[in-house]
Amino acid sequence: MVRSEKRLSGLILGVILLSALFLRLGQAVFMENNPIVRQTINSWVFDQFRCYQWALDLYRGNWQGKEELFVYGPLYSYLMAGLFKLFGISTIWMRILQGIFGMVSSFLVYKIAKHFFSRTVAIIAAFITVFYGPFVFHDSDLLRTSLVTFLGVLSCWCVLRAESKGDILSWFFSGLILGLDILLQPTLLPLFLALYLLFIPLHKTGSPQSKHLLSRFLLRKPLRSRYLKLLMLLSGIILTLFP
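Residues numbered from 1 in each chain as written. Predicted model: local features only at pLDDT ≥ 70, side-chain atom pairs only at ≥ 80, totals over all residues. Heavy atoms only, no water.

Q: Please explain the overall build of the protein chain as it appears in this structure.
A: Broken down by element type, the protein chain carries 13 helices and zero strands. The secondary structure elements of the protein chain, listed N-terminal to C-terminal, are α-α-α-α-α-α-α-α-α-α-α-α-α. When burial is assessed residue by residue, the protein chain has 42% of its 243 residues classed as buried. With an accessible surface of roughly 13,600 Å², the protein chain has 69% of that area assigned to carbon and sulfur atoms. (Helix = DSSP H or I, 4+ residues; strand = E, 2+ residues; numbered from the N terminus. Buried < 20%, exposed > 50% of the residue type's maximum accessible area, 1.4 Å probe, protein only. Areas by Shrake-Rupley, 256 points an atom, 1.4 Å probe, with all protein chains shown as cover.)

This is the structure in structure tokens:
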């Protein structure tokens, strides 16, 4: 009975993820060929224009970028320039990559929801993520929003996995992923550190008090262990931001 339920939920999840991929790839092709949308990379009044022009500048050899690039975070334009190097100057590949990131984000939302709640809740969460309008739109728009969302969800999943495994190196890897997200959205650093301090008591203690956030915080492992994890997390972030 349990095996059949797992098989059914796996099938449903597979259909949801394939739907996410095909929906986003279709949206990417539509956006790429829509003349109104294309205007956003040809007019200086749009943020898409700035990202695109910075990527072109990087592609043409100025890999140190421009000063104003770092006002918005450099990673997105560097990634776009890398795709230009691989496939030529075409924005369709960036849209397709963002669509793949969107599908993976839906899967990670499933894993996170399953960790905290149940398989049924996780399926519902993944379904909502797949068909949520702003996600679908931004997964094909030439802005950093899609990548910020993907790396943010990936960072949360990596932290959950690191806490479950109890592996110090996993915390360092989580810091690397979070550092990449901060390169896109610098204001995320205090948010993620606050989430660590408040929500990372992940293990169920069996005590009725563990249902409460403050109690779970107080019942966590010794301070030395927590500070070591936080140090490894910050080390990964600093290593990513240092160059």
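Q: Quick question: what am I supposed to make of helix H9 (residues 145–165) here?
A: Side chains that are three or four residues apart share a direction in an α-helix, a result of its 3.6 residues per turn. Look at H9: 30 Å from first C-alpha to last across 21 residues, which is about the 30 Å you get at 1.5 Å a residue. One or two positions beyond H9, positive phi appears at Gly166, with a value near 70°. (Expected span 1.5 Å × (residues − 1).)

Q: Sorry if this is basic, but what is going on with the nonpolar core here?
A: Among soluble globular proteins, nonpolar side chains are generally buried collectively. Counting 27 residues, the largest nonpolar core has Tyr76, Met80, Leu147, Phe150, Leu151 and Leu154 as the members making the most contacts within it. For this core, the secondary-structure elements that each account for two or more residues are helix H3 (47–59), helix H5 (75–87), helix H6 (92–116), H9 and helix H10 (168–184). By residue number, the principal contributor to this core is H9, which donates eight residues. Once residues lying within four places of it in the same chain are set aside, the contact partners of Leu154 are Leu108 and Ile177. Counting residues in each nonpolar core, the second largest holds 13 residues, with Leu17, Ala113, Ala122 and Val130 among its members. (Core = buried A, V, L, I, M, F, W, Y, C linked by side-chain atoms within 4.5 Å. Contact = heavy atoms within 4.5 Å.)

Q: How should the environment of Ala125 be read in this particular structure?
A: Residue placement: Ala125 occurs in helix H7 (residues 119–131). For Ala125, a relative accessible area of 19% gives the class buried. Considering only alpha carbons, one finds Ala125 and Tyr110, 15 residues apart in sequence, at a separation of 6.3 Å. Apart from residues lying up to four places away in sequence, Ala125 is in contact with Val109 and Ala113.

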